[in-house]
Amino acid sequence: MAITDLANPSRFLAFANRIIPWLGALTVVVFAFAISRAMNAPDDYQQGATVKIMYLHVPGAWLGMLGWGLMTVAALGTLVWRHPLADVAAKAAAPIGAAFTFMCLVTGSLWGRPMWGTYWVWDARLTSVLVLFLLYLGVIALWRTVEDPSRAARAAAILTLVGALDLPIIKFSVDWWNTLHQPASVLRLGAPTIDPSILIPLFISALAFTLLFAVLLLAAMRNEILRRRVRTLRLLQASTAS
Amino acid sequence: MSALAAMLTRDLRVAVRVGGGALIGVLFFLVVVTLTPLALGPDLALLQRIGPAILWLAALLANLLALDRLFAADHEDGSLDLIMTGRAPLELVVAVKGLAQWLTTGLPLVIATPPIGLFLNLDAKAEGTLVLTLLVGTPGLTFIGLIGAALAVTLRRGGLLLAVLVLPLTVPVLIFGVAAANAAVMGPVPFGTPFTILCAFTLASIVVGPFAAAAALRQEME
Amino acid sequence: MRLCASDLGCRRGGRTVFEGLSFAVEAGEALAIRGRNGAGKSSLLRLIVGLVRLGGGRLDLEGGDPELSLSEQAHYLGHQDALKPSLSVGENLRFWSEFLGGLSSDVGEALAAVGLAALADLPAAYLSAGQRRRLSIARLLAVKRPIWLLDEPTSTLDTTAQEQLVGLMRAHLAGGGLILAATHSALGIDDVKELRLGAPQ
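If you're wondering where the values come from, they're calculated on a predicted model, not measured in any experiment.

(A) Examining the overall build of chain B more closely. If you tally the helices and strands in chain B, you get nine helices and zero strands. Against the compact-globule benchmark of 17 Å for 222 residues, chain B has a radius of gyration of 18 Å, which places it among compact chains. Put simply, 80% of the contacts in chain B that link residues at least 6 apart link residues at least 24 apart.

(B) Representation of the overall build of chain C. Summing up its helical and strand segments, chain C has five helices and eight strands in all. Element order for chain C, N to C, with α for helix and β for strand: β-β-β-α-β-β-α-α-α-β-α-β-β. For 201 residues, the compact-globule estimate of 2.2 N^0.38 gives 17 Å, and the C-alpha radius of gyration of chain C, at 17 Å, lies within 12% of that figure. C-alpha atoms of chain C, sized along the principal axes, occupy 50 × 35 × 35 Å. In chain C, the proportion of contacts linking residues at least 24 apart, taken out of those at least 6 apart, comes to 74%.

(C) Structural view of the sheet that holds strand β7 (residues 178–182) of chain C. All names here are of chain C. One open sheet accounts for five strands, arranged β5-β6-β7-β3-β8; its pairing is parallel. Looking along the sheet, the strands with just one partner apiece sit at the ends: β5 (74–77) and β8 (192–196). The mean angle between the axes of side-by-side strands here comes to 15°, regardless of whether they run parallel or antiparallel. Of the strand pairs in this sheet, β5 and strand β6 (residues 147–151) are connected by four bridges, and their pairing is parallel. Bridge pairing in β6 links Leu77 to Leu150.

(D) Structural context of the interface of chain A and chain C. Contact residues are listed per partner, giving seven residues for chain A and nine residues for chain C. Classifying every residue of the side of chain A that touches chain C gives three nonpolar, two polar and two charged.

(E) Structural view of helix α1 (residues 3–17) of chain B. All names here are of chain B. With 15 residues, α1 should reach 21 Å at 1.5 Å per residue; the first-to-last C-alpha distance of 21 Å fits that figure. Residues of α1 that are buried include every one of Ala3, Met7, Arg10, Asp11 and Val14, and no others. With its buried residues spanning 95° around the axis, α1 presents them on a single face. Gly19 sits one or two residues past α1 and shows a positive phi near 55°.

(F) Expanded view of the interface of chain C and chain B. Each side of the interface is counted separately: chain C has 21 residues, and chain B has 20 residues. Counting residues per element, the side of chain C that touches chain B draws most heavily on helix α2 (residues 89–100) of chain C, at four residues. Of the residues in the side of chain C that touches chain B, the class split is ten nonpolar, six polar and five charged.

(G) Examining the environment of C:Ala125 more closely. As for its position among the elements, C:Ala125 is in the loop between α3 (105–113) and α4 (129–142). On the neighbour-count criterion, C:Ala125 (16 C-beta atoms within 10 Å) is partly exposed. Between the alpha carbons of C:Ala125 and C:Leu168 there is a distance of 25 Å; along the sequence they are 43 residues apart. If we ignore the near neighbours within four places in the chain, the residues touching C:Ala125 are A:Glu147, C:Pro85 and C:Ser86.

(H) Spotlight on the packing of helix α6 (residues 124–151) of chain B against helix α7 (residues 158–169) of chain B. All names here are of chain B. Two numbers describe how α6 lies on α7: the axes approach to 9 Å, and their chain directions differ by 155°. Our classification of the angle between α6 and α7 gives roughly antiparallel. When you trace α6 past α7, the crossing you get is right-handed. Contacts between α6 and α7 involve Ile144, Gly145, Ile147, Gly148, Ala149 and Leu151 on the former and, on the latter, Leu162, Leu165, Val166 and Leu169. The residue inventory of the contact of α6 with α7, partitioned by class, reads eight nonpolar, two polar and no charged.

(I) Just helix α2 (residues 23–40) of chain B, in detail. End to end, α2(B) covers 26 Å across 18 residues, agreeing with the expected 26 Å (1.5 Å per residue, within 8%). Along α2(B), the residues classified as buried are B:Ile24, B:Gly25, B:Val26, B:Phe28, B:Phe29, B:Leu30, B:Val33 and B:Pro37. The inward-facing, buried residues of α2(B) contact α4 (124–145) of chain A together with α3 (44–76) and α5 (90–119) of chain B. Phi for B:Gly41, located one or two positions after α2(B), is positive at around 100°.

(J) Up close: the environment of C:Lys144. Position of C:Lys144 among the secondary structure elements: in the loop between α4 and β6. Distance from C:Lys144 to C:Ala161, taken between C-alpha atoms, is 21 Å for residues 17 residues apart in sequence.

(K) Region of the structure containing the sheet that holds strand β4 (residues 58–62) of chain C. All names here are of chain C. Spatially, β2-β1-β4 is the arrangement adopted by the three strands of the open sheet, whose pairing is antiparallel. Each edge of the sheet is formed by a strand with only one pairing partner; in this case those strands are β2 (15–26) and β4. When the angles between neighbouring strand axes are averaged without regard to direction, this sheet yields 15°. Relative to β4, strand β1 (residues 2–12) runs antiparallel, the two sharing five bridges. Considered in β4, the bridge of Ser6 is made with Arg58. Across the sheet, helix α1 (residues 41–49) lies against β1, β2 and β4, angled at about 115° from β1, the strand it touches most.

(L) The nonpolar core, seen in detail. By size, the foremost hydrophobic cluster in this structure holds 178 residues, and its most contacted members are A:Ala90, B:Phe29, B:Ala150, C:Ala138 and C:Leu149. Broken down by element, this core gets its largest block of residues, 14 residues, from α3(B). Residue contacts for C:Ala138: discarding those within four places in its chain leaves C:Leu93, C:Ala110, C:Leu111, C:Ala113, C:Val114 and C:Leu116.

(M) Examining the environment of C:Gly108 more closely. In this fold, C:Gly108 is placed in helix α3. As a C-alpha pair, C:Gly108 and C:Ala142 span 34 residues in sequence and 8.2 Å in three-dimensional space.

(N) How the structure looks around unusual backbone geometry. Residues and elements named next belong to chain C. Even without glycine at this site, Asp7 takes up a positive phi of about 60°. Tracing the sequence through the fold places Asp7 in strand β1. What makes Asp7 exposed here is the crowd of 11 C-beta atoms within 10 Å. In this structure, Glu152 takes a positive phi of about 50° despite not being glycine. Residue position: Glu152 is located in the loop between β6 and α5 (159–174).

(O) Representation of the confidence of the model for chain C. Confidence in the prediction of chain C, expressed as mean pLDDT, is 89, and 99% of residues score 70 or more. Per the prediction output, this complex has pTM 0.87; the corresponding ipTM is 0.88.

(P) Spotlight on the pairing of β2(C). Residues and elements named next belong to chain C. Where β1 and β2 come together, eight bridges link them in antiparallel fashion. Each residue of the ladder has a partner; that of Arg11, found in β2, is Thr16. Linking β1 to β2, which pair antiparallel, is a turn of two residues; within it Gly13 sits at a positive phi near 60°.

(Q) A look at the confidence of the model for chain B. The predicted model of chain B has a mean per-residue pLDDT of 90, with 97% of residues at 70 or higher. Looking at the elements of chain B, mean pLDDT is at its lowest for α7(B), recorded as 84, and at its highest for α5(B), recorded as 94.

Rules used throughout
- Every chain's residues receive numbers from 1 upward, in the order its sequence appears when written.
- Think of it this way: whatever chain is written first is A, whatever ligand is written first is 1, and the rest follow in order.
- Per-residue local features of the predicted model are confined to residues with pLDDT of at least 70, and side-chain atom pairs are confined, for both listing and counting, to 80 or more; whole-chain, interface and lining totals are unaffected and use all residues.
- Elements are defined by DSSP. Helices are runs of H or I of four residues or more, strands are runs of E of two residues or more, and each kind is numbered from the N terminus.
- For the radius of gyration, the atoms used are the C-alpha atoms, and the globule rule reads 2.2 Å times the number of residues raised to 0.38.
- Each residue gets a C-beta atom placed from its backbone, and two residues are in contact if those atoms lie within 7 Å.
- Think of it this way: DSSP has to see at least two bridges between two strands before they count as a pair.
- Between the N-to-C directions of two axes lies an angle of 0 to 180 degrees, each axis being a line fitted to C-alpha atoms and, for a helix, fitted only over the stretch in contact.
- Polar here means any residue outside two lists: the nonpolar Ala, Val, Leu, Ile, Met, Phe, Trp, Tyr, Cys and Pro, and the charged Asp, Glu, Lys and Arg; Gly therefore counts as polar.
- To estimate the expected span of a helix, subtract one from its residue number and multiply by 1.5 Å.
- With C-beta atoms placed from the backbone, a residue is labelled by how many other C-beta atoms lie within 10 Å of its own: buried for 20 or more, exposed for 12 or fewer, partly exposed between the two.
- Regarding the arc, it is the one traced by the directions from the helix axis to the C-beta atoms.
- Here roughly perpendicular refers to angles of 65 to 115 degrees, roughly parallel to angles under 35, roughly antiparallel to angles over 145, and oblique to all remaining angles.
- Less than a right angle of anticlockwise turn of the near helix away from the far helix marks a crossing as left-handed, whereas a clockwise turn marks it as right-handed.
- The term nonpolar core refers to a set of buried Ala, Val, Leu, Ile, Met, Phe, Trp, Tyr and Cys residues connected through C-beta atoms within 7 Å.
- A score between 0 and 100, pLDDT records how confident the predictor is in each residue.

This is the structure in structure tokens:
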């Protein structure tokens, strides 16, 4: 079975049903591993143990942005290539990406409070992540408001492509503006500036959350396909009734 | 089930099932609060001082947006004709619709205020009093808004006219709401004075709003 | 029961739609209101049900319930269907039944009488125009009121549904009800009185 065969919703459902339990089990295992490594990682000399919020905050940020990136690719799939499952993926990814962005905002806020003395500042990076969160909520509202799935898909795709402009702003905001937030320390030109004893647990944590994203995405896509089947059945019921 | 209870249930069901449900108003609220520091600058001390006012304005605008569909939807599908020839008095039906509107628009705003207040650097005491003033003031905003919604019901692009009609009427609620929210945090006026006046305005609007709106509906439907 | 109109007048938007109109409808009788478009057929129905103010003359209901106004004893079936698409077929009908003072036991029978019982849980958004019309007609059966004011009742209905409606109208008249219908086509009932609008009185 080629990967393109998954474009067929029924084949996808069969594939999802088979793979979700295994992927879920793998996610649990990696999470257990990540938690143990995070617990054993060294404390920061300044912040103490609160630095470990980083293991939630940074993956939350990465996956919030990854979610929108995925939606952007799906949007191109809907508008340009007319792929049948592209809009299903986009609709399913939105709430998950929003949840990760929310986790990023909340953990960042709790982490910043002891350090900066406030729960929130309006600096460039925090504001652009908040804007990303608002964009997520907006696209979710758009999906829910337009009744016809294919029209909703096209509208959401356009909004997604425009909103993708926020992603580079988030990434480079700490470089372009003078911000309170820490500058880039992992994904940058040159080597990461974080010590491996903290970096490795961070990557494992990121891996665990990425697997979680994948499991949730597959499950949500499965639900969406089933939801559309119910809708089609209802339309059929109404039109064939006397 | 009585006629009014049936009306309340129907309006609540429709509000929850359509579009984003009750949360679209909260999203708008959040967007307005986000835009304000982008316009004013990130000075946290300034934001803390004017925070209650910003949140009150945002709540007012979010309320206004929701009012547009209150009677217009029923007018467009012919429900309003049948409602006006029903057995329940139109004033009570309008009041019940106002209650449903507040439960699905105003109340979620009040509940969303504490986390959103954090964005404006409000402390616990300021947030507490703000929530209390919004809890008492948002019903006033909704019921005054009924009047504008009724006057604009037959107009296709009634949204802006509705805003122009309603906003001046909401000025007393806004003034005393913000005054009460600020009074608890800064002196010298004690909290009770503007707060009781706010309560009075809300109670008055709960009575006047439905009567005026019903009269306007009868007039518009001729 | 008898509905009497003498010298009825109606003004809308500054122009006189009709004036000096007189007619009477007895229990068990149907009145077909005819006339070209704009002659005031819809306005007359809306005037009787109380949505438009009387521009002159009198409207009396003899033998009705003295506690209730005329509009509370009449059903108005206009051009629109008064349905919320996000509610199910059953929820829509149950709402109008409760709001207009009907019995909850009648709702199921009403749906069955118009052939929509199988779709009771379907959201109303999925219905075709003819099915929505039939759901509005079910409202007339779910709440018992003596006077039926019908504005183009057979529009959007196919032949089967039209025959169904004729049967329902006959049953209503046999039970002592009155029907006033604005229509371009024949009602399909025997012994229909006619009122022609726009013709010289």
